[in-house]
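Report on the structure
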Amino acid sequence: MATSGAVLGEASPVEGAQLRLWWVRLDRDAAAVAEAERCLTADERARAHRGVPVVHRRRVLLRAALRRALAEVLDREPSAVRLGTSGRGRPEALDRDDVDVSCSASGALGLVAVATALRVGVDVEALDAWSPDVLHEPWLTPAERRAVLDLPPAARPAALARSWTQKEAVLKGRGVGLAGDPASVGTPVGEPRGGRLGRWDVSALEAPGGWVASIATCADLARSVPAPATPVPGPRPLALCEAFR
Amino acid sequence: MTTTRTAQLADFRARCAAADPAMPVDDLHAFSVQRPEIFWRTLLDWSGLPWSGSAESVLTGSDVETARFFPEVSLNYAEALLRPLPEVDDAAPALTALHQDRAPDRYSRGELRAAVTRTAAALSGCGLGVGDRVVVIAPNTAEVVVAVLGVAALGATAATATPDMGAGALVGRFAQVEPVLLLLDRTGMAEETAQALLAGLPSLRQVLLLDRLPLPVAPAGVDVGRLADRVAESTDPAVAEWPRLPFDHPLFVMFSSGTTGPPKAMVHGAGGTLLEHVKEHRLHGDLRPDDTLYFHTTTAWMMWNWQLSALAVGAEIVVYDGPLRGPETLWELVAEHGVTVFGTSPAYLQLCQEQGYRPSAVLDLSRLRSVLSTGAVLHDWQFAWVAENVGPQPVQSISGGTDIIGCFVLGHPELPVRPGRAQSRSLGLDVAAVDDDGVELVGRVGELVCRRPFPSRPVGFLHDPDGARFHAAYFAQHPGMWTHGDLVDIDPDGSARLHGRSDGVLNVNGIRIGPSEIYTALRSVEDVADSMAVEQRDPTIPGATRMVLLVVLRPGAELDHELDRTIRRTLRREASAAHVPSLVLAVPALPLTHNGKRSEAAARSAVNGEDVRNVDALKNPDCLSAIRTAVAATQGTTELGPEQLPRPRSASAADVDDLWPDVARMWREVLDVRDAHPDDDFGDLGGTSRQAMQLLRKVWLELGVDVPITDLEDRPTLRGVVAAVAARRSATPEVAPVLRPGQGRPLFVVSDLWGQLNSYHSLVQGLTTERPVRGLQPALAGADGRRHSIAEVTDEALLLLRRTQPAGPYSLLGYSFGGLVAYEMAARLRGEGETVSYLGLIDVRPPTGSFTSGDRAAHRVGRVLKRLRTALSPAGPRAAVQFLRDRRSDAAEDPERQAFVRSSEVFDAHRLSRYDGAVTYYLAERRPPLVGNVLAAWRRVAPHLFVTEVPGDHDDILGDSRIDVLADRISATLA
């Protein structure tokens, strides 16, 4: 595949559900972008073109990767995949009611997820140097702020990025984005393995150096699939088979 | 599902055909209006309702204003609803009352009958009898169903309302009723409202409480007790003697607001109400004994009375007294309780659609067989939404009114559903659209009239001995017809669509609001010379409407923040929350016709940006352009959405101009761009979510304005951010920022250890109180970095408090550090003779300075135990390392850490004051052992400490997962 790497991981966190993940390189040259652009719809291209060059490149490559990922799952051409966007910007697979998609990008790295019989949200974030400014940003809960300060400074950037990606993954999964208020999602700072956040199971994804990524899944909210009679088991480690090259 | 049922309508049609073989029954509506005597007589017999006397005389004339139905028939409404039915098991469920915080109350048909029998006997023992009037104010519970049926069983008359209405609105309505008895559940009622109500109803002899709150002080001569006690004291009657009374015997008094004068108190007869409801339920809704009906209503709306009558069919009714928490609330209720017929509103369906909620994807709705909607026009797209997201159930758009306690247009079990339309006219009601001359219009919009007598026409108005007001209200406009005041179009197929009110009455999202109550209330606001309330299509929510209040000010007055607030406060206090407009606009004049009549229609068109028809009829057409300009000037702020902003007025142009350079600089810094074009999109420029947070942090730190991320999401441009900052700044005086707008006295929350309020976000969103929530952010440190003592922080917080609300009673809430400050504020206020009506402390650990030495030792042990437990948990090794590092006390290695520690020092150095008032303490469920010492420390200084447990531990008690429990507890105490 030109824009999406190999399948990063595959897992079946719940009976009957399937989850596939791809890393996407976003630092590709103009020819690759032009090639990727061919499978996008006119609307998608127009949206990409509204952005500055780096945004344009990111939007094209990520959307194309999403199409290719879905194409693999649905077994059809990337350009024939019907991909919609909800009011809050969440991508939606329109071909199959039980298939859910999510994507994220930070810097040169993108992440794409396709899930069957699950609601999914993913988020990837580049690590940033520690700055106390973050304590004044309106997304940490008091408990998180305290937990961050309890960590040695060297451990804080990763903990913050972990917390942020967990929140974003849940909010993206819920389809509300930042309008869902990240401060309302309390995360277990300093507990890198994740856990249960409300109805969402949150796991850490093994990411290339310099990035942190998290995934949130929820079987209860799966599109068109009745809630399972048995409780959903806790998160299981994803089988990571390929790192970012 | 609907496929295999043959509607009861077919059976009834056959009965009509047998009664008059000469008249075709294919078009049953035509039959019903042309052969009214046969139709209504057949219905009475077919329905099997219990009655006595003679039904020979069906109708005493043909004039809709004066004709009476069944003058020789006697019946009892409660008997008709509760009688044993041959096809219904007495053990079958009849009434299920749901609550958000406790298990449902369930009554079988037999149990409900027994409960009503006992209640009626108790009320009879209290002296209640035929013809007495009773006011019932309660949320939508099982108790109110039993109470009202008990009242009806005795032949007394009931008027119902909800406890959250303002004292002015309650007294304005119920003083007219002249009740001898008030049945009152004060859940959600302000204490002063209860007192004002008792004082405002001089006819009262008795008050019986349905709630468990302390007995109120009653005026002299009024007996106060609890209904449950009276029921327990009374002996079970061997035989229930419920009198059958004339068909028109008063059953309910209902209120409908007009454009002039006080609300109309209309009297509905038992027979007309019963027959109309049974007709609608069985013939139009095909309701049967195996159905479960849930109609989302309150006791203040006629749909409550309407759903109650479903008991006469043998169906089960479900009632719910909790809040609508989100799009899932009612659908989950429907799925969980096997509701077959679900009644809701266009506003709720729109909410579901906007939030992307898909009931069929997550719930089992297989029992549901129809969805009813009323209260406003149900739009075409909403029918499609139900089909896609709920299922194939027919959507029945129904519309009628309090005035007829029933529907003019509604569903039909045989006809197809046309999106956007009600399927059918109500059988037996000669409903038509007419022009100004009373000529019928088909397929065109006209005035909704009913041209022949119908049984649920009100018997009359109270305090209208010669019927003059009754005549003026319905029969003056088109002689010989009932003119309802709605605009409607009716197609040749009989389907109908409503088009809003034709007179000055407002219909704001289904709530009918009489502007006269607004005008009356505003007479007490000196600066307002004149006012006019009109409906406007909400620019932010498709399909919704909102109220715009146009005010003409006295010379020299200005519609500033303060006046805007005074207007809102006054309306809330004197009328109700529903009377508070979304927007207040100052205009130079109101449109008047040449003969001096106010033209609401012209104002409404101008506010909605439409052409005004018949401008020539106006004396002062120039005022319309001023209204248009005033509306246009608000557009910048209105885009932020009605629920997010109190929207007192638009930010002035000067305010906005100031902001541009600063906000543009922050925009450039965060995005690292050289130029900032006002309409560039944040995302298009490469802005990430984290950068959005950084931008908001800069805005907060540098401009002192708290702009929520949703504002940026809604308008992700520099222009949008400037507008949001301007709007938030003008909407939230820095003294005490509004965390959530509302009506009445604010609830104040005190900022946390970081001086911030956003930790309360989830809690504030979860509160169900109508009161506003405001934040107090006293400075925690001086310019030199020295931390202020708790006493100093308390001083400043009190200053901020009093600038916002000069006098008590005050409501204060705080978490941890903020709770300590709230506590000290309350102690000071009380010492100064002020009233603190509510003080809520959320897991506030007392400062160690207040511990006895024994407490301190226990506290230390508790902390060590907590550490130890953590060390043994899977996260143990890291925690253990941390623990050791802390003990080396080099944890203060960086400035933030030091700030945190310093705040803790200030906290712990404090000694608690004594406070004799009531304190509600929300204790975290998960807590270190030996917490009893914490409470002991509190109880020593605050003897009236009421402790309630809530989920979570100290650090995550304000977190997302179980915040609803805390929010509910606080809401309940606040009410």
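What you see is a predicted model; the values in this text were computed from it and never measured.

Notes on the overall build of chain B
Each helix and strand counted, chain B has 32 helices and 38 strands in total. Buried residues in chain B amount to 51% of all 975 residues. Taking the intrachain contacts of chain B between residues at least 6 apart in sequence as the baseline, contacts between residues at least 24 apart amount to 70%.

A few points about the packing of helix α1 (residues 30-37) of chain A against helix α3 (residues 53-74) of chain A
Residue and element names in this part refer to chain A. At a closest axis distance of 9 Å, the pairing of α1 and α3 adopts a crossing angle of 50°. Overall, the two elements α1 and α3 adopt an arrangement that is oblique. Remark: the crossing between α1 and α3 carries left-handed chirality. Along its contact with α1, which presents Val33, Ala36 and Glu37, the element α3 presents Arg57, Val60, Leu61 and Ala64. For the contact of α1 with α3, a count of residues per class yields five nonpolar, no polar and two charged.

A look at the confidence of the model for chain B
Residue and element names in this part refer to chain B. Model confidence for chain B is summarised by a mean pLDDT of 84, while 86% of its residues fall at 70 or above. In this model, residues 636-654 is a region of pLDDT below 50 whose contacts with residues beyond four sequence positions or in other chains number 45 contacts. Every residue in residues 867-893 is under pLDDT 50, and counting partners more than four places away or in other chains gives 16 contacts. Reported confidence for the predicted complex is 0.73 by ipTM and 0.52 by pTM.

Re the sheet that holds strand β4 (residues 105-108) of chain B
Residue and element names in this part refer to chain B. In space, the seven strands of this open sheet follow the order β4-β3-β14-β13-β15-β16-β17, with mixed pairing throughout. Looking at the sheet topology across the chains shown, the edges are occupied by β4 and β17 (395-397). Neighbouring strand axes in the sheet, compared pairwise and without regard to direction, differ in orientation by 15° on average. Pairing analysis gives four bridges linking strand β15 (residues 341-344) to strand β16 (residues 370-373), with the strands arranged parallel. Its bridge partner lying in β16, threonine 344 is registered against serine 373.

Topic: the pairing of strand β3 (residues 93-98) of chain B
Residue and element names in this part refer to chain B. Within β3, five of the six residues are buried, which leaves the element mostly enclosed by the surrounding structure. In this sheet, β4 lies alongside β3 in antiparallel orientation, the contact comprising four bridges. Paired with alanine 97 across the strands is aspartate 105, a residue of β4. Counted along the chain from β3 to the antiparallel partner β4, the turn is six residues long.

A short note on the sheet that holds strand β2 (residues 73-75) of chain B
Residue and element names in this part refer to chain B. One open sheet accounts for three strands, arranged β1-β2-β10; its pairing is antiparallel. If you trace the sheet from one side to the other, it starts and ends with β1 (52-53) and β10 (245-246), each paired once. Relative to β2, β1 runs antiparallel, the two being bridged by two bridges. In the sheet register, glycine 53 faces β2, and the bridge partner there is valine 73.

Concerning helix α6 (residues 142-153) of chain B
Residues and elements named next belong to chain B. An ideal rise of 1.5 Å per residue puts 16 Å on twelve residues; α6 measures up with 16 Å between its terminal C-alpha atoms. For α6, a buried count of twelve out of twelve residues is recorded, marking the element as mostly surrounded by other parts of the structure. Turning to α6, its buried residues number three or more, namely Ala142, Glu143, Val144, Val145, Val146, Ala147, Val148, Leu149, Gly150, Val151, Ala152 and Ala153. Just past α6, the residue glycine 155 takes up positive phi, approximately 80°.

Things to note about α3 of chain A
Taking 1.5 Å of rise per residue, 22 residues should cover 32 Å, and α3 of chain A covers 31 Å from first to last C-alpha, within 8% of that figure. Of the residues flanking the end of α3 of chain A, it is aspartate 75 of chain A, one or two places downstream, whose phi is positive at about 60°.

A few points about the confidence of the model for chain A
Residues and elements named next belong to chain A. This prediction gives chain A a mean pLDDT of 78; 80% of its residues lie at or above 70. Strand β11 (residues 239-240) is the least confidently modelled element of chain A, averaging 29 in pLDDT, while strand β5 (residues 99-106) averages 93, the highest of any element. Note on residues 1-8: pLDDT under 50 across the span, and 31 contacts to partners over four residues away in sequence or across chains.

Here's the deal with the packing of helix α2 (residues 42-50) of chain A against α3 of chain A
All names here are of chain A. Contact geometry for α2 and α3: axes closest at 7 Å, N-to-C directions at 150°. As judged from the angle between their axes, α2 and α3 are roughly antiparallel. When you trace α2 past α3, the crossing you get is right-handed. Contacts from Glu44, Arg47, Ala48 and His49 in α2 reach His56, Arg59, Val60 and Arg63 in α3. Considering only residue class, the contact of α2 with α3 consists of two nonpolar, two polar and four charged.

Rules and cut-offs
Residues numbered from 1 in each chain as written. Chains lettered and ligands numbered in written order. Predicted model: local features only at pLDDT ≥ 70, side-chain atom pairs only at ≥ 80, totals over all residues. Helix = DSSP H or I, 4+ residues; strand = E, 2+ residues; numbered from the N terminus. Buried ≥ 20, exposed ≤ 12 C-beta atoms within 10 Å, placed from the backbone. Contact = placed C-beta atoms within 7 Å. Axes fitted to C-alpha atoms, helices over the stretch in contact; angles between N-to-C directions. Parallel < 35°, antiparallel > 145°, perpendicular 65-115°, else oblique. Left-handed = near helix turned anticlockwise from the far one by under 90°. Nonpolar A, V, L, I, M, F, W, Y, C, P; charged D, E, K, R; others polar. pLDDT = per-residue confidence, 0-100. Pairing = 2+ DSSP bridges. Expected span 1.5 Å × (residues − 1).

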